[in-house]
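# Tertiary structure, described
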Amino acid sequence: MCMLNRVKLLLLVLLPLVLLSLCSCGNGVKARRDAIADTVMLTPKQIDSLVFEQEHHYSQNYNFVISKSSVTLLKQLPEEALIGMPVDSLTLMKGDHIVVADIRIIPHDTKDSVWLQVARDQLTFGWARESDILPVVVPDDPISKFISIFSDVHYVIFIVVIILISVAYIVRTSFRNNAKLVHFNDIPSFYPTLLTIIVSASASFYASIQNFVPDTWREFYFHPTLNPFIVEPWLSVFLVSVWTMLILWLACIDVVRHHLPFGDALLYLCGLSAVCAADYIIFSVSTLWYVGYFLLAAYIYFALSRYIRHARARYVCGNCGHIMYRKGHCPACGVLNE
């Protein structure tokens, strides 16, 4: 029985790698970063475009969505506005989809030398500084939009409050009803504990990427992918952990429904979700100030020790095969096991 569980655990760890190995290949972050090295037969303008994309992570024909507020564009060339000539303007509103039509570098502009010409359609286009456009737009990709939402400080604070209230309520309800809860009154399966550890480690690793290689994360933000084999090693490890979390969550659902009745299983999964959400918020935020590494080590020790001492089933009834945590009378059939 123990050997079978170990085999299942090994398969669950390897399954994300096997599935992702079948993912379609393409030009990912590595390909874009290496493209600048191959400048044979390229014109100076093409080389400048590659350099710009390398530094700014987007280029001409890149698509954005206005996400926070309106943005004002100049209808005339930027040089006309800089020398004080009268110019007309137009306003694009939140939700408008825009594309980068042209990029112009104006060295004598002391505020921002990069100007972008963006267009909503063939009749609506104009110029604005990069520093005025980027804060109010998000790349037109669902992954980038997801990252942008959870990077908003006000939204994160709201989520933290809701999660803490949910965790407190679920833990209090579980203790009152003597219900199963990960780390405290757990079921005899290592999958829930492993899921909380993977979530915590992934959150800490996510913050580490932002701390130590922010340019890599910014590149991923502008060119997101779920394929870990076309990105740099740091991102590859993070994406593998994300897929592992998904597989482990499905495994937890399958295990819980075999150990608990429907009502208790639903409460247990809600508690597990709340604990994972709290872990992600705590470790992703604390690691930004480097405290998260110490908290992560302590949490892993706590989670493993709690499972080994209280959740791991050490015995099986010799009469009916029911799982037992200690020797004595079987809780299912009552037979004495010594």
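Residues numbered from 1 in each chain as written. Predicted model: local features only at pLDDT ≥ 70, side-chain atom pairs only at ≥ 80, totals over all residues. Heavy atoms only, no water.

## Here's the deal with the pairing of strand 1 (residues 63-66)
As judged from the three bridges shared by strand 1 and strand 4 (residues 97-105), these two strands associate in the antiparallel manner. Bridged to valine 65 within strand 4 is histidine 97. (Pairing = 2+ DSSP bridges. Helix = DSSP H or I, 4+ residues; strand = E, 2+ residues; numbered from the N terminus.)

## Quick word on the packing of aromatic side chains
Per the stated rule, a full pass over the model turns up 19 aromatic pairs. When the centroid spacing of 5.6 Å and the interplanar angle of 25° are considered together, the rings of phenylalanine 205 and tryptophan 234 count as stacked. In this pair, phenylalanine 205 is assigned in helix 8 (residues 191-212) and tryptophan 234 in helix 10 (residues 233-259), connecting sequence segments 29 residues apart. Residue class for phenylalanine 205 comes out partly exposed when judged on its relative accessible area of 24%. Relative to tryptophan 217, the ring of tyrosine 206 has its centre 5.0 Å away and its plane inclined at 80°; by these criteria the two rings are edge-to-face. Highlighted residues: tyrosine 206 in helix 8 and tryptophan 217 in helix 9 (residues 214-222), separated in sequence by 11 residues. Residue classification places tryptophan 217 among the buried positions, given a relative accessible area of 9%. (Phe/Tyr/Trp six-rings, centres within 6.5 Å; stacked < 30°, edge-to-face > 60°. Buried < 20%, exposed > 50% of the residue type's maximum accessible area, 1.4 Å probe, protein only.)

## A closer look at a nonpolar patch on the surface
A cluster of nonpolar side chains, Ile282, Val285, Leu288, Trp289, Val291 and Leu295, forms an exposed patch at the surface whose accessible area comes to about 530 Å². For leucine 288, a relative accessible area of 32% puts it in the partly exposed group. (Patch = residues over 30% accessible without salt bridge, like charges linked within 9 Å, V, L, I, M, F, W, Y side chains within 5 Å. Areas by Shrake-Rupley, 256 points an atom, 1.4 Å probe, with all protein chains shown as cover. Salt bridge = Lys/Arg side-chain N within 4 Å of Asp/Glu carboxyl O.)

## Examining the pairing of strand 5 (residues 114-121)
With six of eight residues buried, strand 5 is to be regarded as a mostly interior element. Sheet analysis places strand 4 next to strand 5, joined by six bridges and oriented antiparallel. Counted as the bridge partner of valine 100 is valine 118 from strand 5. Taken together, the six bridges between strand 5 and strand 6 (residues 124-129) define a ladder with antiparallel strand orientation. From the neighbouring strand, alanine 119 faces strand 6, where its bridge partner is phenylalanine 125. Here strand 5 folds back onto strand 6 in antiparallel fashion, the turn holding two residues.

## As for the side chain of threonine 287
Inspection of the secondary structure puts threonine 287 in the loop between helix 11 (262-286) and helix 12 (292-311). According to the relative accessible area criterion, threonine 287 is buried, its value standing at 0%. Beyond its immediate stretch of four places on either side in the chain, threonine 287 contacts Ser204, Ala207, Ser208, Asn211, Gly292 and Tyr293. (Contact = heavy atoms within 4.5 Å.)

## Let's talk about the packing of helix 10 against helix 11
Two elements in contact, helix 10 and helix 11, have axes whose closest approach is 10 Å; the angle formed by their N-to-C orientations is 155°. Put simply, helix 10 runs roughly antiparallel to helix 11. Our pair here, helix 10 against helix 11, has a crossing hand that is right-handed. Residues Trp249, Cys252, Ile253 and Val256 of helix 10 pack against Ala265, Tyr268, Leu269, Leu272 and Ser273 of helix 11. Split by residue class, the contact of helix 10 with helix 11 holds eight nonpolar, one polar and no charged. (Axes fitted to C-alpha atoms, helices over the stretch in contact; angles between N-to-C directions. Parallel < 35°, antiparallel > 145°, perpendicular 65-115°, else oblique. Left-handed = near helix turned anticlockwise from the far one by under 90°. Nonpolar A, V, L, I, M, F, W, Y, C, P; charged D, E, K, R; others polar.)

## Examining the packing of helix 6 (residues 142-149) against helix 9
Relative to each other, helix 6 and helix 9 sit at 125°, their axes nearing to 8 Å. Classified by the angle between their axes, helix 6 and helix 9 sit oblique to one another. Along the contact surface, helix 6 presents Ser144, Ile147 and Ser148, while helix 9 presents Trp217, Phe220 and Tyr221. Here the contact of helix 6 with helix 9 is built from residues that sort into four nonpolar, two polar and no charged.

## Digging into the layout of surface pockets
In this approach, a probe sized like a water molecule rolls over the atoms, and the result shows the empty space that is left. Of the voids in this model, the largest pocket is the one considered here, and its volume is about 1,200 Å³. Along its surface, the largest pocket is lined by 34 residues, and Phe146, Phe150, Tyr206, Phe238 and Tyr280 are the ones closest to its centre. If one sorts the elements of the lining of the largest pocket by residue count, helix 11 sits on top with eight residues. (1 Å grid on protein atoms, 1.4 Å probe; cavity = no way out; pocket = protein on both sides within 12 Å on 5 of 7 lines; lining within 4 Å. Points joined across faces, edges and corners; volume = space filled by probe spheres on them.)

## Considering unusual backbone geometry
Notably, histidine 183 is not glycine yet its phi reads approximately 80°, a positive angle. Mapped onto the elements of the fold, histidine 183 is located in the loop between helix 7 (153-176) and helix 8. Judged by relative accessible area, which is 6%, histidine 183 ranks as buried. Here the phi dihedral of tyrosine 290 falls at roughly 70°; this positive angle occurs in a residue that is not glycine. Within the secondary structure layout, tyrosine 290 lies in the loop between helix 11 and helix 12.

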